[in-house]
Amino acid sequence: MVREQLERDFERFRRQLPRDFPDHVREHYRIDLSARYLGFSIPHPVGKGSGQLSLNQDQLESDRDSGLAFVVLKTVIAQDAAGEQSMGAWAIHETRMKVERLRSAAETEGWTVTWKGRGWDRSFDEYLGLVRAAADLTSGGAIVAVPSVKYHLPRLDEAFREAEYRHTTEALAHAWGTTPLPLEKDFSPTLAGDRLAEEQAQILRWLREVPARIRAVAPVRLALKLMNARHDDEFQLRMTEAAGEADALVVFNRLWSPERGVAYGGHDLSDRNLRVLGALRSRSAEHPLLVGTGNVCSGRILLEYARLGCESVQLHTLFQLPLSEYPATSGTRQQRALHLLFFHPTEGVIAGMLDFETAGVIPRVGGELRFRDLAGSHQMHQRTR
Ligand SMILES: Cc1cc2nc3c(=O)[nH]c(=O)nc-3n(C[C@H](O)[C@H](O)[C@H](O)COP(=O)(O)O)c2cc1C
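Residues numbered from 1 in each chain as written. Predicted model: local features only at pLDDT ≥ 70, side-chain atom pairs only at ≥ 80, totals over all residues. Heavy atoms only, no water.

Participant: Give a description of the pattern of salt bridges that names residues and reports values.
Facilitator: Summed over the entire model, instances satisfying the criterion amount to 26 salt bridges. Here Glu 368 makes a salt bridge to Arg 26, at a shortest N to O gap of 2.9 Å. One end of the pair, Glu 368, is in the loop between helix H12 (349-359) and strand S16 (369-370); the other, Arg 26, is in helix H2 (residues 21-29), with 342 residues separating them in the sequence. Taking the relative accessible area as the measure of exposure, Glu 368 reaches 12% and is therefore buried. Judged by relative accessible area, which is 40%, Arg 26 ranks as partly exposed. (Salt bridge = Lys/Arg side-chain N within 4 Å of Asp/Glu carboxyl O. Helix = DSSP H or I, 4+ residues; strand = E, 2+ residues; numbered from the N terminus. Buried < 20%, exposed > 50% of the residue type's maximum accessible area, 1.4 Å probe, protein only.)

Participant: Provide a residue-level description of the side chain of Thr 75, including the pertinent values.
Facilitator: Within the secondary structure layout, Thr 75 lies in strand S5 (residues 70-77). Judged by relative accessible area, which is 5%, Thr 75 ranks as buried. If we skip the residues at most four places from it in the chain, Thr 75 touches Ser 50, Gly 119, Trp 120, Ser 148, Val 149, Lys 150 and Asp 186. (Contact = heavy atoms within 4.5 Å.)

Participant: Please give an account of helix H4 (residues 124-140) that cites residues and values.
Facilitator: Taking 1.5 Å per residue as the helical rise, H4 with its 17 residues ought to reach 24 Å, and the 24 Å between its terminal C-alpha atoms agrees with that figure. Along H4, the residues that are buried comprise Phe 124, Tyr 127, Leu 128, Leu 130, Val 131, Ala 133, Ala 134, Ala 135, Leu 137 and Thr 138. Packing partners of the buried residues in H4 comprise strand S3 (40-42), helix H3 (57-66), S5, strand S8 (144-150) and helix H5 (162-176). Downstream of H4 by one or two residues, Gly 141 has phi in the positive range, about 90 degrees. (Expected span 1.5 Å × (residues − 1).)

Participant: So, the pairing of strand S14 (residues 289-293): which residues are in play, and what are the values?
Facilitator: Of all five residues making up S14, five are buried, and the element is well covered by its neighbours. Pairing geometry for strand S11 (residues 248-251) and S14, over four bridges, is parallel. Counterpart to Leu 249 in the pairing with S14 is Leu 290. This β-α-β element, S14 to helix H10 (residues 299-307) to strand S15 (residues 310-315), shows right-handed connectivity. (Pairing = 2+ DSSP bridges. Right-handed = clockwise from strand over helix to strand, strands pointing away.)

Participant: Please provide a residue-by-residue account of the nonpolar core, values included.
Facilitator: Formed by 113 residues in total, the largest nonpolar core has its most connected members in Val 46, Leu 224 and Phe 343. Residue contributions to this core peak at eight residues, all from H4. In this structure, Phe 343 is in contact with Leu 6, Asp 9, Phe 10, Phe 13, Leu 17, Phe 21, His 24, Val 25, Leu 338 and Ile 350, ignoring residues within four places of it in sequence. (Core = buried A, V, L, I, M, F, W, Y, C linked by side-chain atoms within 4.5 Å.)

Participant: Please provide a residue-by-residue account of the site of the ligand, values included.
Facilitator: In the vicinity of the ligand there are 19 residues, among which Ser 50, Lys 74, Thr 75, Asn 295 and Thr 317 approach most closely. Lys 74 places a polar side-chain atom, nitrogen or oxygen, 2.7 Å from an oxygen atom of the ligand. Here an oxygen atom of the ligand and a side-chain polar atom of Thr 293 are 2.8 Å apart. Looking at the shell around the ligand, the elements that each hand over two or more residues are S5 and strand S7 (109-115). Counted by class, the shell around the ligand contains five nonpolar, ten polar and four charged residues. (Near = heavy atom within 4 Å. Polar contact = N/O pair within 3.5 Å; in protein donor to acceptor, adjacent residues only side chain to side chain. Nonpolar A, V, L, I, M, F, W, Y, C, P; charged D, E, K, R; others polar.)

Participant: Can you explain the sheet that holds strand S9 (residues 181-186)? Please cite residues and give values.
Facilitator: Around the barrel, eight strands lie side by side as S4-S5-S8-S9-S10-S11-S14-S15; this closed barrel has parallel pairing. Across this sheet, the average inter-strand angle for adjacent strands is 30 degrees, counted without regard to direction. Bridge count between S8 and S9: two bridges; the pairing is parallel. In the sheet register, Val 149 faces S9, and the bridge partner there is Lys 185. (Axes fitted to C-alpha atoms, helices over the stretch in contact; angles between N-to-C directions.)

Participant: Can you break down the packing of aromatic side chains residue by residue, with the values?
Facilitator: This structure, assessed with the given rule, holds seven aromatic pairs. When the ring of Phe 21 is compared with that of Phe 342, the centres are 5.1 Å apart and the planes differ by 45 degrees; the resulting orientation is tilted. A residue pair is termed long-range when its members are at least 10 positions apart, and Phe 21 in helix H2 and Phe 342 in helix H11 (residues 333-343) qualify at 321 residues. Each of the two residues, Phe 21 as well as Phe 342, counts as buried. Relative to Tyr 127, the ring of Trp 120 lies with its centre 4.9 Å away and its plane at 75 degrees, an arrangement referred to as edge-to-face. In this structure Trp 120 comes out as buried when scored by relative accessible area, which is 4%. By relative accessible area, Tyr 127 is classed as buried at 0%. By the ring-pair criterion, three or more aromatic residues cluster together here, those being Phe 13, Phe 21, Phe 342 and Phe 343. Its end group placed over the ring of Phe 187, Lys 185 keeps NZ or CZ at 4.4 Å from the ring centre. (Phe/Tyr/Trp six-rings, centres within 6.5 Å; stacked < 30°, edge-to-face > 60°. Lys NZ or Arg CZ within 6 Å of the ring centre and 35° of its normal.)

Participant: With reference to specific residues and values, describe the packing of H4 against H5.
Facilitator: At a minimum axis separation of 8 Å, H4 and H5 run at an interaxial angle of 40 degrees. For the element pair H4 / H5, the angle class is oblique. The interaxial crossing formed by H4 with H5 has right-handed handedness. On H5, the residues that touch Phe 124, Tyr 127, Leu 128, Val 131, Arg 132, Ala 134, Ala 135 and Thr 138 of H4 are His 167, Thr 168, Ala 171, Leu 172, Ala 175 and Trp 176. A class-by-class count of the residues in the contact of H4 with H5 yields ten nonpolar, three polar and one charged. (Parallel < 35°, antiparallel > 145°, perpendicular 65-115°, else oblique. Left-handed = near helix turned anticlockwise from the far one by under 90°.)

This is the structure we're talking about:
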């Protein structure tokens, strides 16, 4: 019965996904999709990761109207009061993105977006305007929209440039207007390709010390978005451990191809991320709350991130595919992606959760299957602040 309903909903929502689909899912399937992102309660676990799809207010409003739970603004490069940016090489202007098919090492077909640009390339004042708009949208309650920064990262024998941390954090906190300021700190894949990141001790120092540098300036709820370093899985786990002072970890940003000089994703990215998260889980060590990112292109992959402890996921590539790739026939790409992720009759989140029920992975509580119980279905030892 319920499977037939899912088939019917999948068909009928091809034309238009209702914005309040989480209510529909709760009412008709008794599945509670509610989730969390950086301390915010959200109606379902899917948001948009920082990037070229969150550069202006129109994009944020479209995300809200399409029903995304959260969106992270493009990463701005920190600056001091005089406008100096030690990471200025990251503020590259590059408009062309290329959406390409990519076959993984395990021979699975996927997609990646190739782009040579890096951080926000307009003025800091313009970014602050976008942060004010994000704060307004967030207080409106229909979407959570948070800023993202890349701050100065020193060599081992250098000090952190406090002036950049101070000026940027103060300005963002002021633009946000209420406390605490929710913030992602990006350790980007382009950084993994930089000579700065060859030194393991250097990376671990950044992860250990950056949270205190930011919090010294203003009350911040902080997510560190960890890169996939060009070292082995064991080092990836050491990074997670070193980042223990953050409130949340976004795990893990895209892979770096030294041959092509570009970051990439696809199934190699989700395979690596899920493998490392599996290893993290089996250690049962304490770590901050987790937000998954990387090739979330089906409900099944979303659920794998969730079962490995991720409270929510942030996507980029799935919002950029050619229209012919989505089963939906109209609506924005965000709506079409949500339709695919939640309602696909075999690969979607609803189908997957019903399978988990049958397999005894999660029980119904008060008659409901709850998305948030998935992360707890493996004994995670997460710290809540
Ligand atoms: C063109 C492009 C630009 C991006 N820019 C940023 C960025 O400025 N800051 C950041 O934290 N992540 C950035 N990302 C990473 C995405 O937010 C996301 O975490 C990553 O692409 C993995 O998700 P996906 O496989 O769904 O694309 C970018 C990704 C792409 C494809």
